Amino acid sequence: MQVRQLTAGYHDVPVLRNVTIEIPRGGIVTLIGPNGAGKSTLLRSIAGQLAPTAGCVLLGQEDLYGMSRQELARRMASVFTDKVRTELMTCEDVVAGGRYPYTGRFGILSEQDRRIVYDSMEITRVLDIGQRDYNKISDGQRQRVLLARALCQQPEIILLDEPVSYLDIRYKLEFMSALRRLAGEKGMTVVMSLHELELARHFSDRVLCVKNGCVVRSGPPERIFGQGYMRELFDIGAEYADGTAWERLL
């Protein structure tokens, strides 16, 4: 995937300005940076949900904004903070919704579709809650169900916006470990934003630093976290140093 000279925003006010990045296939790419830096805007632009005012996003040699909704859904899936509208739907029903790019107008699942639903739920470890009401499960379980739904699309790329923000530490680690397995076993590209710097350092293959609407630095975690760069990225003064474990990130 390539993002070329992308400018995007809301109500004619740019949030991203002239962003150019290349995202290699496979592995986990994590966006970090201050609140309001443009991470979510960049993800929504990559997902095709927010049309740029300048520049383009390419999947291979194809302009993402020239693709049909169905074609795009077969190549890319997103798990954003928007709530899924469900009424009397089981977790399995929600997961099966990920097959919509393939099932046609009536949404009838074939045996192959059902196998993909099962496999996706097995990978994300939600088979045991498949028949439970989606609205009556925990936040951590809900995130894994939505990840299973994204897997059902069999995409090349999965986009996630702050996927672990409301989870406790156990579910954060479970969810991030599931992403790590997917990137390794399925060869998928995972692109996500994170506030949790320790998780970004531990689970990412590549980190993109976003500030003031620009990608100001990128590279492997060992190069990004160190030499005091986090202080600069987040405008943290030396007076806040307290000798805690956070110091190794800053």
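Here's a quick rundown of the structure.

What counts and how
Residues numbered from 1 in each chain as written. Predicted model: local features only at pLDDT ≥ 70, side-chain atom pairs only at ≥ 80, totals over all residues. Heavy atoms only, no water. Salt bridge = Lys/Arg side-chain N within 4 Å of Asp/Glu carboxyl O. Helix = DSSP H or I, 4+ residues; strand = E, 2+ residues; numbered from the N terminus. Buried < 20%, exposed > 50% of the residue type's maximum accessible area, 1.4 Å probe, protein only. Core = buried A, V, L, I, M, F, W, Y, C linked by side-chain atoms within 4.5 Å. Contact = heavy atoms within 4.5 Å. Expected span 1.5 Å × (residues − 1). Arc of directions from axis to C-beta. Phe/Tyr/Trp six-rings, centres within 6.5 Å; stacked < 30°, edge-to-face > 60°. Lys NZ or Arg CZ within 6 Å of the ring centre and 35° of its normal.

## Focus: the pattern of salt bridges
- A full pass over the atoms with the stated rule returns ten salt bridges.
- For Arg-142, the salt bridge goes to Asp-139, with nearest N and O atoms at 3.0 Å. Here Arg-142 pairs with Asp-139, and both are found in helix H6 (residues 139-152), just three residues apart, close to one helical turn.
- A relative accessible area of 41% means that Asp-139 is categorised as partly exposed.

## What about the nonpolar core?
- Counting residues in hydrophobic clusters, the biggest one holds 48 residues, and the most contacted among them are Ile-32, Val-145, Leu-179 and Met-230.
- Apart from residues lying up to four places away in sequence, Leu-179 is in contact with Ile-28, Leu-147, Leu-160, Val-190 and Met-192.
- Leu-43, Ala-47, Met-67 and Phe-80 belong to the second-largest nonpolar core, a separate cluster that totals 28 residues.

## Details of unusual backbone geometry
- Phi angles above zero are rare outside glycine, and Arg-125 is one such case at about 60 degrees.
- Relative to the assigned elements, Arg-125 resides in the loop between helix H5 (111-123) and H6.
- Notably, Asp-235 is not glycine yet its phi reads approximately 55 degrees, a positive angle.
- Along the chain, Asp-235 falls in the segment after helix H10 (229-234).

## Some remarks on helix H7 (residues 169-185)
- Given a rise of 1.5 Å per residue, 17 residues ought to cover 24 Å, and the 24 Å separating the end C-alpha atoms of H7 matches this to within 8%.
- Residues of H7 that are buried: Tyr-171, Lys-172, Phe-175, Met-176, Ala-178, Leu-179, Leu-182 and Ala-183. Taken down its axis, H7 places every buried residue within 150 degrees of arc, on the same side. Away from its buried face by more than 90 degrees, H7 exposes Ile-169, Arg-170, Gly-184 and Glu-185.
- On its buried side, H7 packs onto strand S3 (27-32), H5, H6, strand S7 (157-161), strand S8 (189-193) and helix H8 (197-203).
- Two residues or fewer past H7, Gly-187 is found with a positive phi of approximately 70 degrees.

## Some remarks on the environment of Gly-98
- Here Gly-98 lies in the loop between helix H3 (91-96) and helix H4 (100-103).
- Taking the C-alpha atoms as reference points, Gly-98 and Leu-147, 49 residues apart in sequence, are found 9.7 Å from one another.
- Sequence-distant contacts of Gly-98, that is, excluding residues within four places in its chain, are made with Arg-149, Cys-152 and Gln-153.

## Here we look at the packing of aromatic side chains
- One pass over the full model with this rule turns up zero aromatic pairs.
- Directly above the aromatic system of Tyr-134 lies the positively charged group of Arg-142, at a separation of 5.3 Å from the ring centroid.
- For the cation-ring pair, Arg-217 lies above Tyr-229, with the distance from its terminal atom to the ring centre recorded as 3.7 Å.

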